[in-house]
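Structure assessment
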Amino acid sequence: MNEKVFIKELETLNILYTKEMLEKLNVYYETLIYWNAKINITAITKKEDVYLKHFYDSLTITKIIDLNKIASLLDVGSGGGFPGIVLKIFYPHLKLDIIDANNKKILFLKKLVEKLNLKDVNLIHSRAEEYALNNYDKYDLVTARAVANLNILLELCLPFVKKDGFFVSLKGEAKEEVSNINNALLVLNGKTEDICEFNLPIEESLRTLIKFKKINSNPSKYPRRYDKIKKRPL
Ligand code: SAM
């Protein structure tokens, strides 16, 4: 996706943009490629691919949630900053926290946030299931793209969400995973609010956005330790 098509797609998504935001995205691309040569952040490196499969893909979350109504966002397992940093560029009002278990990625994100001069971004090197224990019911919105299967992801992410707040999972094909979450939702007091399937422009691969609402706080024994979550997913 070249920049011209990217801008057209921003307009289709009704995302307001400025020249400065587009410049920041360019600096993001350059910084990503520079650091990717030193530490492994992404296998996608061609500019048109990064614009489509990282930048545009991150912004598709706006198909299912209005970010203008969100104040605090936590992106779990953000890696190279997807979707968290891309959303922060286009929605600068967001108070963004990012958590990732991989310290190299957190160090890359620190350099990136400085370079892009982003304010109100907090980068946390920790495992989500450990950090959650002191951060229940805190965020309006939690996101995760390409981190784990949904039944595991719900236990990692839903505890962070405020009552009546949302967790949005960004996935490819997800029908089977979606059919396997009833127990996790029951135990963690969440419900599926909306599911949006669409094809990525140009390459046409399937994407699924799943939006969960938190009905009430979850029992304090969740999230469990990761070995337990993995061995016996809810
Ligand atoms: N979200 C990014 C994207 O879509 O490009 C990165 C995806 S990468 C495949 C998964 C990331 O999740 C890695 O950076 C990994 O360190 C992080 N991760 C996996 N499990 C995690 C956990 N339990 N807590 C925090 N980070 C985790």
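Below or above, wherever it landed, is the structure these notes cover. Please read these numbers as outputs of a predicted model, since none were measured by experiment.

Now for the site of the ligand. Close to the ligand lie 16 residues; Gly77, Phe82, Asp100, Ala128 and Arg145 are nearest. Between the ligand and Asp100 there is a distance of 2.6 Å, counted from an oxygen atom to a side-chain nitrogen or oxygen. Arg145 has a polar side-chain atom sitting 2.5 Å from an oxygen atom of the ligand. Classifying every residue of the shell around the ligand by side-chain character gives six nonpolar, five polar and five charged.

Extensive coverage of strand E2 (residues 95–100) is indicated by the burial of five of its six residues. Examined bridge by bridge, strand E1 (residues 72–76) and E2 share five bridges and lie parallel to one another. Bridge pairing in E2 links Val76 to Ile99. Crossover E1 to E2 through helix H4 (residues 84–90) is right-handed. As defined by bridge partners, E2 adjoins strand E3 (residues 121–125) across five bridges and the pair is classed as parallel. Looking across to E3, one finds that Ile98 is bridged to Leu123.

What follows concerns the packing of aromatic side chains. Any aromatic ring pair is given by two values, namely how distant the centres are and how the planes are angled relative to each other. Evaluation of the coordinates by the stated rule reveals ten aromatic pairs. Here the aromatic rings of Tyr51 and Phe55 are separated by 4.9 Å at their centres, their planes lie at 75 degrees, and the arrangement is edge-to-face. With Tyr51 and Phe55 both in helix H3 (residues 47–59) and four residues apart, the pair spans about one turn of that helix. For the residue pair Tyr51 and Phe55, the accessibility class agrees, reading buried in each case. Ring centres 5.6 Å apart and planes at 15 degrees place the aromatic pair Phe167 and Phe212 in the stacked group.

When you line up the elements, Glu177 lands in helix H8 (residues 175–178). Sequence-wise, Glu177 and Leu150 are 27 residues apart; in three dimensions their C-alpha atoms are separated by 5.9 Å. Not counting residues within four places of it along the chain, the set of residues in contact with Glu177 comprises Ala148, Asn149, Leu150 and Lys171.

With that out of the way, let us pick up the side chain of Arg145. Structurally, Arg145 can be placed in strand E4 (residues 139–145). Taking relative accessible area as the criterion, Arg145 reaches 14% and is therefore assigned buried. Polar contacts involving the side chain of Arg145 include one to the main-chain carbonyl oxygen of Lys53, which spans 2.8 Å.

Moving on, we come to the nonpolar core. Grouped together as the largest cluster of nonpolar side chains are 52 residues, with contacts concentrated most on Phe6, Tyr28, Phe55, Leu59, Ile85, Ile89 and Phe90. Residues within four places of Leu59 in sequence aside, it is in contact with Phe6, Leu10, Leu13, Ile15, Val86, Leu87 and Phe90. Within the second largest apolar cluster, 31 residues are counted, among which are Tyr131, Ala144, Ile181 and Ala184.

Take the packing of helix H2 (residues 19–36) against helix H5 (residues 103–116) next. Direction vectors running N to C along H2 and H5 enclose 150 degrees, while the axes themselves pass 10 Å from each other. Taken together, the axes of H2 and H5 are roughly antiparallel relative to one another. For the pair H2 and H5, the crossing hand works out as right-handed. Judged by residue contacts, Lys24, Val27, Tyr28, Thr31, Leu32 and Trp35 of H2 engage Phe108, Lys111, Leu112, Lys115 and Leu116 from H5. Here the contact of H2 with H5 is built from residues that sort into seven nonpolar, one polar and three charged.

Our focus in this paragraph is the sheet that holds strand E7 (residues 206–214). Judged by pairing direction, the sheet is mixed, and its seven strands sit side by side in the order E3-E2-E1-E4-E5-E7-E6 without closing on themselves. Since the sheet does not close on itself, it has two edges, and those belong to E3 and strand E6 (190–199), each with one partner. Pairwise comparison of adjacent strand axes, ignoring direction, gives a mean angle of 15 degrees for this sheet. Here E4 runs beside strand E5 (residues 161–171); their pairing, made up of six bridges, is parallel. Among the inter-strand pairings, Arg145 is bridged to a residue of E5, identified as Leu170. Of the strands in this sheet, E4, E5 and E7 touch H3, which is tilted by about 150 degrees from E4. Against the sheet, helix H7 (residues 150–157) touches E1, E4, E5 and E7, its axis set at about 145 degrees to E5.

Conventions we followed
Along each chain, the written sequence defines residue order, and numbers are assigned to residues from 1. Totals for whole chains, interfaces and linings use all residues, but because this is a predicted model, local features are given only for residues with pLDDT of at least 70 and pairs of side-chain atoms are given and counted only at 80 or more. The basis for the side-chain values is all heavy atoms of the structure; hydrogens and waters are excluded. We call a residue near a given molecule or strand whenever any one of its heavy atoms falls within 4 Å of it. Here a polar contact is taken to be a pair of N or O atoms separated by no more than 3.5 Å, where protein atoms must pair a possible hydrogen donor with a possible acceptor and residues adjacent in sequence count only if both atoms sit in side chains. By the convention adopted, Pro, Cys, Tyr, Trp, Phe, Met, Ile, Leu, Val and Ala count as nonpolar, Lys, Arg, Asp and Glu as charged, and the other residues, Gly among them, as polar. Here's how the labels work: a residue is buried when its accessible area is under 20% of the maximum for its type, exposed when over 50%, partly exposed in between, all with a 1.4 Å probe on protein chains only. Comment: elements are numbered from the N terminus, with helices defined as DSSP H or I runs of at least four residues and strands as E runs of at least two. Any two strands with at least two DSSP-identified bridges between them are counted as paired. By definition, the crossover connecting two strands over a helix is right-handed if that path, from the first strand to the second, turns clockwise as seen with the strands pointing away from the viewer. In summary, the pairing rule links any two rings of Phe, Tyr or Trp, Trp by its six-membered ring, whose centres are within 6.5 Å, and it sorts them by plane angle into stacked for under 30 degrees, edge-to-face for over 60 and tilted for everything else. Working rule for contacts: check all heavy atoms of both residues, and any pair within 4.5 Å makes them a contact. Buried Ala, Val, Leu, Ile, Met, Phe, Trp, Tyr and Cys residues form a nonpolar core when they are joined through side-chain atoms within 4.5 Å. Helix axes are fitted to C-alpha atoms over the stretch in contact, other axes to C-alpha atoms as well, and angles between N-to-C directions run from 0 to 180 degrees. Should an angle fall under 35 degrees it is called roughly parallel, over 145 degrees roughly antiparallel, and 65 to 115 degrees roughly perpendicular, with every other angle called oblique. Throughout, a crossing is termed right-handed when the near helix is turned clockwise from the far one, and left-handed when it is turned anticlockwise from it by less than a right angle.

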